[in-house]
Each structure stands twice: as C-alpha cells, then as structure tokens.
Amino acid sequence: MVFEQEQEEVAPGAVHGHRLSTVVPSSVTGEVDYALADADLAFKLHYLRGVYYYPPGDVARGLATKVLKDPMFPWLDDYFPVAGRVRRAEQEAAGGEGDAGAPRRPYIKCNDCGVRIVEAKCDRDMDEWLRDDAPDRLRQLCYDKVLGPELFFSPLLYVQITIFKCGGLALGFSWAHLIGDVPSAVTCFNKWAQILSGKKPEDTVLTPLNKPVQGQSPEGVTAPRSVKQVGPIEDHWLVSAGRDMACYSFHVSDEVLKKLQQQQKGRHDAAAGTFELVSALAWQTVAKIRGGDVDTVTVVRTGAAARSGKSLANEMTVGYVASAGSSPAKTDVAELAALLAKNVVDETAAVAAFQGDVLVYGGANLTLVDMEQVDVYALEIKGLRPVHVEYGMDGVGEEGAVLVQPDADGRGRLVTVVLPRDEIDSLRAALGTALQVA
Amino acid sequence: MPTGGVFSGSVNLKYVKLGYQYLVNHFLTLLLVPVMAATALELARLGPGELLSLWRSLELDLVHILCSAFLVVFVGTVYVMSRPRPVYLVDYACYKPPASCRVPFATFMEHTRLISDDDKSVRFQTRILERSGLGEDTYLPPANHYIPPNPSMEASRAEAQLVIFSAIDDLVRRTGLKPKDIDILVVNCSLFSPTPSLSAMIINKYKLRSNIRSFNLSGMGCSAGLISIDLARDMLQVHPNSNALVVSTEIITPNFYQGSRRDMLLPNCLFRMGAAAILLSNRRREARRAKYRLVHVVRTHKGADDRAYRCVYQEEDDQGFSGISLSKELMAIAGDALKSNITTIGPLVLPMSEQLLFFFRLVGRKLINKTWKPYIPDFKLAFEHFCIHAGGRAVIDELQKNLQLSSRHVEASRMTLHRFGNTSSSSLWYELAYIEAKGRMRRGDRVWQIGFGSGFKCNSAVWKCLRSIKTPTNGPWDDCIHRYPVDVPEVVKL
C-alpha cells in the first residue's frame, strides 16, 4: 500500500516518529545565574550519550510519557541549572583585559527554559536490536544535538524515550559535559528515577558557587599533553572530526577479566585493577589496528576522594600515560595495565587553568575513561531495572575514546569505544580472539 | 502660602462634596423625618379622645373594612409575586492547572523560535511578551508544549475534559452539590465547539438528569461568561426552586496560530488555560450559605457598527492558517462600548448625587456649552470591588483611566493577568477569587464585573456580598497569595 501522506521516508527498522516537547522546573527559579568553573569550560565541547534499555512487560507498558514526564518538574526544581541556557557574560568595560574580539566568558542563565523531551518509535524488537550489535546505535536512541549554533536556544539535556515493537523502552540521555561530569550526570538521572518511584532523593548541593581560578596560565603557553587545543570556538560548540566517528559497545565477561588478572600474576607490581586491565586491552587492540603510533593515552578517572560533594561539577581527573619506548601493540596487556596504574601524570589543574578551547576526549591521544564507580544500573523505574546500559560520547576527536563501565550483573565490564567508523570493523575482528576465554 | 490656600481649598471642596452627597442620597429620609415628627406632635396634641371621635366619624362598617383588607392583601400579593426571584451565587470554583503545564517566558520564546522561520514575527512576539503583564507562571495545555503544537481534536477534548471536570469536581467538593440536583446547565466556550457539545460531555460524565435544561454557548467571545450568567438568571426566573450550573472556559489547544500575521499573533502570546464553574440558585434555603446575590446584569452589543463588528475577527491568512485578528482600533472601540454600558448601568447603581451631577452636566452640555466634558460618575461610590476582564495590560490601563480607578481597585485584574494570563471568560472569576483570598470581601460589599468580547460586546454584572469571606479560601490563589501584589514592570527584559 502506498500512503500518500507519509511525511518521512522511514528506513526499515530505523527510529522514527520523533516528537519534541519541553519540561520546565515546576516553580519559578528567579533570574539567577549559574557560574561555570574553569574545569566545566574545559569539557564544553563534549556530550555524554547514555542509553538505558528496559525490558517489555507490564511495568514498561504502564510507563506512558506523562508518567515519565511528571516527576521531571520537581526534579528540575532541584537541578535548575540544567534547565537553563548558555549565555556569554556582558562585554567588559573599556580598559578591561583582552581585545574586544576575545570571546566573553560563558555562564548559565537559569531562566527555566527547560529540558527537551523526544518521543520516538522503533519497529523492531528490543532483543533483536541489542543482538544486532550495530555500531552507532547509540546515536539513534539519543537525540543527536549539541550546543549551538544558537546558544540561546540550545538545551543542555535531551531525554529521548523510544518504544520498541515488543513494548520495550529505551531512555536516551544527551547531556552537555559542560554542566557536569559522568558521575554528576548519572546521579542526576538516578534522582529523577527516585522521584518517579516515590522516594525522596538526597538534597542537591549547588554551593559553593564556581569562581574562575585565580592563577590562570598566561597566553601563549602550549596546551597540556593530555588535551589538544582547538578553535577558537564561536557559538557552535562542536569540533567536527575530519572522519566520521561512531560508538561501539562490547562486553568483557568476568571470565575474560579473570584471565587478564591471571596474566598479571607473578608480576611484582601487580597493582592494576579491572579498569587498568580492560583499558589496557583496548589500548593494545587499537594500537594493533592502527599499526602502532598510540604511544600516549589520556586517562580520565572518577576519583571518589577528589569529589567535593557538589551535585553538578566537572571533577574527573585528567592525566596522560606514555608507553615507555616499546610500541603498545607489541606490549603485554599486563605491562600496559601496570603503566596505567602507576605512571599517570596528573594534569587536571593544568587543563582547567588552560585558557584556550580544548578537546579532552580523543583530542591529543586515545582517551581512556574510567566509569567503574558510577552506578548506572541504579536507574530503576518503578522497580524495573535496566537490562542493558551503554554510555558513549559525542564531540570526541579523531584519536578516539574508550569508556569502561560496569555491566548488568556488576562482575564483567561493558566497554564503549568511540572511534572513526572505518576502524570499528577492524576493532571487532581484533577483539574477537582477545575476548574468548579459552 | 499659596499651597496652603490650595490645600485648604481642596479640603473644603471635599467636605462640600461629602455634604452634597449625604444631602442628596438621604433626601427622602431627611424629608420624611420632619414630616413624621410633625405628625407625631399633632397626634400627641389631639389626644386619644379626639382620635376616637375622628375614627367614628368615618362611619366604617364591616363590609368596608373587609373590602379594604382584601384590597391590601391583593395588592400585597401581586407585589410579592411579581418581584423577580433572587438569584444567589452559592459558590464557585476556579481551575488551577498543574505545574506540568507551566510556561516560562524563555520556553515560550524558544518554542516560537523553533517553530517559526520568520525572524520578524519572533521578534514581534518577544516584544509583546515583554510588555504583556504576564508572569512566568502561566499555563498552556499539554498539547501546546510540543514543537510544533499538536492541535488535534482529541487533544482539544482532553484539555476540555481536564479543565472542566476539575473545576466541577472542585465545586462539588465545596458545595456538596449532587448531580441530580442540577436543573439548568449553561456552558460557554467560544472557540471549541465539538459534537456532541461540551454541555453533553458534562451531562455524560456526571450522569445528570434527563430533563435537565442545558445550553452550550459558543462563538461569543471573552464576555460570554456574563452572558451565561444572564441566561441562567433568566432561566431561574421561570423555574422555581432550581439550581443552575454555569461553566465558563476557553480551550486553547485548537487555536494556536501557525502563521506570521502580526495582528493574529497576539492571542498566542496572551491566551492561557483556565476554567470556572459557578453554582447559582433561587432556592430560599441557599440564601443562608450563598456568597453573593446577583443584583444586575447589563449587556451592551455594538455589533450594529461595522468597525466594532470587525475588530475581533477570525479568518484565514494568505497561507491558509486560521487565526483571530485584533484590529488596531480595539481600545477605542472598547472605550465606546464601555461608555454605552456605563450609560445603562449608571442609573441602576449610582447614588442619586452622582446621577444628578451627571444629568446637570449633560443638560449643560446640550443647552449652555457644548465644549464641557461629560461628567464621569464616581463609580467608587457605587462599588467596593472591581473585576475587569484581564484581556491584556492595555484593557486594564484604559479602564483604569476611563473610570478613574486607583491601582488598588484594578489590583485584582492586574495580578490575575500576571498569574494566570488571559483566561478569557473565566478571568473574572479568578479576579473575584483574588479579592476573596486577600480577605477583602466583606458582607454588604458590591462587586462590578466587566467583560469585553468579540462582537463587540461589553457586559456587566453587579453582585452583592451576603457574608464576609474568610481566608484561606481553598482557591487557586492559596499557595501564592502571600507573594501578591507583585510589581509588574512595564517591560520585562527577556
């Protein structure tokens, strides 16, 4: 049958029927401004993309859009900066530092503009979708937008609700890294789920207010080794990599983990944890498919001790590790893991203090991101736990990124790599043998 | 000192005015008192013996007495029967939308920007919103939160059910009204008129009686609320011992204008979600708990004038989008309609002192000097409270100027515009709720509700308060009345 009125050409199995709406805080915030810290601005070119898959059944069927939206209103009362929009500070008076052409410092105007909600459908079953393991399926389930070109009207958070044919539900969050790092984002989403389930979440801490760091590094200094300087960025906060980047997730089962751990037994410096082992494996594989030339990696970690307790902050540590001499493609995983455990050069403060625009993930080097301590599976909706969660990133540079997060049962690991699309197939092939238990 | 002289002069004038008002308004009393005193003195002087002989000289016998008594009883009965039945407002309920329908300025502007390609109309709407007098807390129905809005019939019905049923449920809670006790149902909603009608929708939901007298008024604009009250009152004159339920609302969902004609973009910016349900009754026993009694309803229709007829006009623009165009002459026409309405209502409500002044000035204009300005009667002497339809800041400003009201008198209207936006025919009830929530409504207070609407119509209703209203009132203002009044800036910077 041919439907004359069909609006869009729907590729079979694609996500379609997008409907956009907005959710705002339930009470007037007042015209306050949320100042952005230097660390926040360092991450402004990156966007977190997280998808949570919920199984079909009675509970999922009862999750009408209204049920999901209603708790967001009080949730945004607590997280009102997330409902704001980016503005640039007023021009400094004549006699201020810097020439008139220098970009003014961005901040968040908490004007209750809101968070964008996207409703979509997919004509495939969720199981089939997950089994397919298609690269970049994340992009279909998280609304693919960034800040700009009109900063005034760009939401900091998109939530996409996709219903599969079988009744399963996927929740896709597109979060601007500017407003908070991975633990901040995940805690924020978990709080929404708590309100939905009728629990009262912990208070949101938004004080002390952010202030620009005093000891700014002077102009003309080169960027720290962990990051790559780009720009200057005007109002479109995305640096398009020369090549098409895609996200791909694969599972590292606990048997494989045990095998990796065994490999490092007998070494006198066996101090590597699961993150080091898994990301070392990824490092080695990427080095192999690129034929060497991945000598340095940037490491971004969630150090629980380093967190100040603020609900919205960019407090992940950024550093780099250089492989000593030998090519990582030929080095043992255990050896690389040991390097990652011991030889990280911390550059967090330097990155925050650096004045120019930088790409942290995938900018200067392949970036390994530690999400192990982030409780992603805690996003339970009315008692329904997600069957699968994957986190990727947008705005990643050509060098690529590797995100390591816990898997559904907590024993294995789920790794999402963000790489140029043409490297994904080679990676799959190269991993094939490494992920076998035998 | 000259200022001292002027000051004492104005004080003297004030006392002169007060004296004049007292004299004229209590003229009959002032006349009657000396007459009664003289009669009493005369009677006392005559003495009982003389009075008795006066009585005997009339030579009245039983027939005369019976006929006189019969005459008196007959006249008295005719008088009592021909008086209009009093119409009591037992109680009313205003719908308070949930926080999930809230529309801050920034969100409205962002949606406008995303939906429309036309830069000019986006800027125009920003300017309108900045000067509108609305606050950050007004409400739009769920369908309007989508980009672009989703004006389907199903969504419109859903909004109608949400606002109307919530208002009626609230009214039932407040009054204990039973569905089988509703004898008359009047619903007014100007721009959404499905089949079966909204009144049928209410009858279906609440299982009302099969012999109910229901009416559904559509297309009558923002003043239709008072037209419904008028219709209910007329019905209550014909049917004794009855209850009338009046529901006033405006359904926003189907009326989002998608084009770019400036005169049609105003309703998008100003109209917001709201509804009110009112219980009127002519039953004697309701008089004890009723809040108000309806004193007058005055309706003025200027439709015979072409300019007035076309000033609020629904039509399609060049691209085929349907919208309501508001002409630039709207304020002038509203002023005219108001003057007509005042001319009719003035004699009904104004004290004699004001009417005489108006009459003499009118005579003077006709006979002595045509350039004299017409006397604007001081309506503050006739009413304690004013509810002016919150059609927009311009309407309230215009009426404040025309009627020479202070800012306290128009506070209810301005604050309703700020908190709820222009909710069309139900705005008068939100304003009344504001006055009650502020604890200003006392027994004996008179309220003047003025509504304007397409046509062009100006309708007035006068209510008298029967009992002092205590706070808190469990109305739509309860959670925020402590913040009001707020100072609404001329221009809000977006």
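Residues numbered from 1 in each chain as written. Chains lettered and ligands numbered in written order. Predicted model: local features only at pLDDT ≥ 70, side-chain atom pairs only at ≥ 80, totals over all residues. Heavy atoms only, no water.

### Considerations on the sheet that holds strand β7 (residues 157–163) of chain A
In any sheet, the strands associate via hydrogen bonds between backbone groups, in a parallel or an antiparallel arrangement.
Thinking step 1. Read from one edge to the other, the open sheet built from 7 strands follows the order β16(A)-β3(A)-β8(A)-β7(A)-β6(A)-β1(A)-β2(B), with strand pairing classed as mixed. Strands at the two margins of the open sheet, each flanked by one partner only, are β16 (388–394) of chain A together with β2 (146–147) of chain B.
Thinking step 2. Bridge count between strand β1 (residues 15–23) of chain A and strand β6 (residues 115–122) of chain A: 7 bridges; the pairing is antiparallel. The residue of β6(A) that forms the bridge with Thr22(A) is Arg116(A). (Pairing = 2+ DSSP bridges. Helix = DSSP H or I, 4+ residues; strand = E, 2+ residues; numbered from the N terminus.)

### Observations concerning the UniProt feature "domain: Beta-ketoacyl-[acyl-carrier-protein] synthase III C-terminal" (unreviewed entry) in chain B
Thinking step 1. UniProt's feature table lists "domain: Beta-ketoacyl-[acyl-carrier-protein] synthase III C-terminal" (unreviewed entry) at residues 384–464 of chain B, given in the numbering used throughout.
Thinking step 2. The annotated region residues 384–464 of chain B carries 40% helix and 25% strand content, and the separation between its end C-alpha atoms amounts to 10 Å. (UniProt positions renumbered as here; feature names shortened; annotations may be inferred.)

### A closer look at a positive patch on the surface
All names here are of chain B.
Thinking step 1. Residues Lys 120, Arg 123, Arg 127, Arg 262 and Lys 328 make up a contiguous surface patch of positive charge.
Thinking step 2. When residues of the positive patch are assigned to their parent elements, the largest contribution, 3 residues, is made by helix α5 (residues 119–131).
Thinking step 3. Its location among the elements puts Arg 123 in helix α5. (Patch = residues over 30% accessible without salt bridge, like charges linked within 9 Å, V, L, I, M, F, W, Y side chains within 5 Å. Areas by Shrake-Rupley, 256 points an atom, 1.4 Å probe, with all protein chains shown as cover. Salt bridge = Lys/Arg side-chain N within 4 Å of Asp/Glu carboxyl O. Lys, Arg positive; Asp, Glu negative; His and termini not counted. Charge placed at Lys NZ, Arg CZ, Asp CG, Glu CD.)

### Some remarks on the confidence of the model for chain A
Residues and elements named next belong to chain A.
Thinking step 1. The predicted model of chain A has a mean per-residue pLDDT of 85, with 90% of residues at 70 or higher.
Thinking step 2. Mean pLDDT values for the elements of chain A range from 84 in helix α8 (residues 254–263) up to 95 in β7.
Thinking step 3. Taken as a whole, residues 1–7 scores under 50 in pLDDT and shows 0 contacts with residues more than four places along the chain or in a different chain.
Thinking step 4. Note on residues 93–100: pLDDT under 50 across the span, and 2 contacts to partners over four residues away in sequence or across chains. (pLDDT = per-residue confidence, 0-100. Contact = heavy atoms within 4.5 Å.)

### Overview of the UniProt feature "active site" (unreviewed entry) in chain B
Residue and element names in this part refer to chain B.
Thinking step 1. As recorded in UniProt, the feature "active site" (unreviewed entry) lies at Cys 222, His 301, His 385, His 389, His 418 and Asn 422. Spatially, the listed residues are scattered: they cover 201 residues, and their C-alpha atoms lie as much as 28.5 Å apart.
Thinking step 2. Considering the arrangement of structural elements, one finds His 389 in the loop between β10 (385–388) and α13 (393–403).
Thinking step 3. The class of His 389 is buried, set by a relative accessible area of 4%.
Thinking step 4. Sequence-distant contacts of His 389, that is, excluding residues within four places in its chain, are made with Cys 222, Val 395, Ile 396, Asn 422, Ser 424, Ser 427, Leu 428, Glu 431, Ile 450, Gly 451 and Phe 452.
Thinking step 5. Its place among the elements puts His 418 in helix α14 (residues 411–420).
Thinking step 6. His 418 has contacts with Gly 133, Leu 134, Gly 135, Thr 138, Tyr 484, Val 486 and Val 488, leaving out every residue within four places of it along the chain. (Buried < 20%, exposed > 50% of the residue type's maximum accessible area, 1.4 Å probe, protein only.)

### Let's talk about the pattern of salt bridges
In a structure, side chains of opposite charge can pair up when their charged atoms sit close to one another.
Thinking step 1. Enumeration according to the criterion identifies 54 salt bridges over all chains in this entry.
Thinking step 2. Put simply, Asp70(A) and Lys66(A) hold a salt bridge, and the shortest N to O gap is 2.8 Å.
Thinking step 3. Between Lys180(B) and Asp181(B) there is a salt bridge, and its shortest N-O distance comes to 3.8 Å.
Thinking step 4. Beyond isolated ion pairs, a larger network of salt bridges with shared partners links Arg49(A), Asp136(A), Arg139(A), Asp144(A), Asp244(A), Asp394(A) and Arg421(A).

### Re a nonpolar patch on the surface
Thinking step 1. Nonpolar side chains collect at one region of the surface, where Phe359(B), Phe360(B), Val363(B), Leu367(B), Ile368(B) and Trp372(B) lie side by side and expose about 660 Å² of accessible area between them.
Thinking step 2. Of note, Ile368(B) is situated in the loop between α12 (352–367) and β10.

### Notes on the interface of chain B and chain A
Thinking step 1. Counting residues at the interface gives 17 residues for chain B, matched by 24 residues for chain A.
Thinking step 2. For the pair chain B and chain A, the summed buried area comes to about 1700 Å², and 52% of that belongs to carbon and sulfur atoms.
Thinking step 3. The closest approach of N and O atoms between Glu110(B) and Arg85(A), which form a salt bridge, is 2.7 Å.
Thinking step 4. For the pair chain B and chain A, the number of links is 12 residue pairs in polar contact (both at pLDDT 80 or more).
Thinking step 5. Among the secondary structure elements, those contributing two or more residues to the side of chain B that touches chain A are α4 (105–115) and β2 of chain B.
Thinking step 6. In terms of residue count, α4(B) provides more of the side of chain B that touches chain A than any other element does, 7 residues in total.
Thinking step 7. The residue inventory of the side of chain B that touches chain A, partitioned by class, reads 7 nonpolar, 5 polar and 5 charged.
Thinking step 8. Sheet topology places β1(A) next to β2(B); 2 bridges connect them, and they run antiparallel. The residue of β2(B) that forms the bridge with Ser21(A) is Tyr146(B). (Buried area = accessible area lost by both parts, 1.4 Å probe. Polar contact = N/O pair within 3.5 Å; in protein donor to acceptor, adjacent residues only side chain to side chain. Nonpolar A, V, L, I, M, F, W, Y, C, P; charged D, E, K, R; others polar.)

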